[in-house]
Amino acid sequence: DFNVVTHLAAQIARLKQQYRDSGVQAAVPVDKLEIPKEYLCDITKKIMKDPVMAFDGYCYERKAIEQYLKEYNKSPVTGQPAQYAIVFPNHKLKAEIQAFMKENQMASSNDDEGYVAGMPENNGAGETANMY
């Protein structure tokens, strides 16, 4: 019915105008957002939730590098054999990623291997280096 369509179009236009007038800033669509390369894990290609530094000096998502080292015992970036399989939390990078996620209003994800688009939960208490 033409009258219903006209009414709905008017309501949509009114709501759009109210939204623009409210000054609320919309989240940037993830596909349009430029994510810093250092926030992405070289293994998962996702934004890291729990970044750690490995023996090769590169940062990875904790679960991804732990699994990779168990399977291949070498660097995923350089191919260099693992001298040791200890990973260290990168608290500075984690804080930067959390700030980036919050600033860009990215919603939380349940993905254990990093974020496609998500805001990390704050579970940083008591983190220690892990050896595998």
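Shown above is the structure to which this text applies.
I will try to describe carefully the structure that is included in this document. (Residues numbered from 1 in each chain as written. Predicted model: local features only at pLDDT ≥ 70, side-chain atom pairs only at ≥ 80, totals over all residues. Heavy atoms only, no water.)

We now examine the packing of aromatic side chains. What the rule picks out here adds up to three aromatic pairs. When the centroid spacing of 5.3 Å and the interplanar angle of 65° are considered together, the rings of Tyr39 and Phe100 count as edge-to-face. One end of the pair, Tyr39, is in the loop between helix H1 (2-22) and strand E1 (51-53); the other, Phe100, is in helix H3 (residues 91-103), with 61 residues separating them in the sequence. Across this residue pair, the class does not change: Tyr39 and Phe100 are buried. (Phe/Tyr/Trp six-rings, centres within 6.5 Å; stacked < 30°, edge-to-face > 60°. Helix = DSSP H or I, 4+ residues; strand = E, 2+ residues; numbered from the N terminus. Buried < 20%, exposed > 50% of the residue type's maximum accessible area, 1.4 Å probe, protein only.)

Count 3.6 residues to each turn of an α-helix, and residues three or four apart come out pointing the same way. Under the 1.5 Å per step criterion, the end-to-end length of H3 is 18 Å for 13 residues, consistent within 8% with the ideal 18 Å. By the burial criterion, the buried members of H3 are Leu93, Lys94, Ile97, Phe100 and Met101. For H3, the buried positions fall inside an angular range of 125° around the axis, keeping them on one side. Turned more than 90 degrees off the buried face of H3, the exposed positions are Lys92, Lys102 and Glu103. Residues of H3 that are buried sit in contact with E1 and strand E2 (59-61). Once H3 ends, the next one or two residues include Gln105, with phi positive near 50°. (Expected span 1.5 Å × (residues − 1). Arc of directions from axis to C-beta. Contact = heavy atoms within 4.5 Å.)

Turning our eyes to something else, we now look at a nonpolar patch on the surface. Together, Met53, Tyr84 and Phe88 make up a nonpolar patch on the protein surface, roughly 270 Å² of accessible area in all. Here Phe88 lies in strand E3 (residues 86-89). Look at Phe88 and you get partly exposed, because its relative accessible area is 40%. (Patch = residues over 30% accessible without salt bridge, like charges linked within 9 Å, V, L, I, M, F, W, Y side chains within 5 Å. Areas by Shrake-Rupley, 256 points an atom, 1.4 Å probe, with all protein chains shown as cover. Salt bridge = Lys/Arg side-chain N within 4 Å of Asp/Glu carboxyl O.)

What follows deals with helix H2 (residues 62-72). Among the residues of H2, those classed as buried are Arg62, Ala64, Ile65, Glu66, Tyr68 and Leu69. Positive backbone phi, approximately 55°, marks Asn73, located one or two places after H2.

If you look at the biggest cluster of nonpolar residues, it comprises 22 residues, and the most contacted ones within it are Ile65, Leu69 and Ile97. Contributing elements (two or more residues each) for this core: E2, H2 and H3. Beyond its immediate sequence surroundings of up to four residues, Leu69 is in contact with Phe55, Lys74, Ala82, Ala85 and Val87. (Core = buried A, V, L, I, M, F, W, Y, C linked by side-chain atoms within 4.5 Å.)

Here we come to the pattern of salt bridges. Pairing between side chains of opposite charge can happen when the charged atoms of each approach one another. For the coordinates displayed, the defined rule picks out three salt bridges. Where Arg62 meets Asp50, a salt bridge forms, and the shortest distance between an N and an O atom there is 2.6 Å. Taken together, the residues Arg62 in helix H2 and Asp50 in the loop between H1 and E1 connect sequence positions twelve residues apart. The same class applies to Arg62 and to Asp50, which are both buried. Among the ionic pairs, Arg62 bridges to Glu66, the shortest N-O distance being 3.8 Å. Of this pair, Arg62 and Glu66 both sit in helix H2, separated by four residues, roughly a single helical turn. Classification of Arg62 by relative accessible area gives buried; the value is 9%.

The residue Glu38 is located in the loop between H1 and E1 in this model. Between the alpha carbons of Glu38 and Cys59 there is a distance of 8.0 Å; along the sequence they are 21 residues apart. Those residues in contact with Glu38 that lie beyond four places of it in its chain are Met48 and Leu93.

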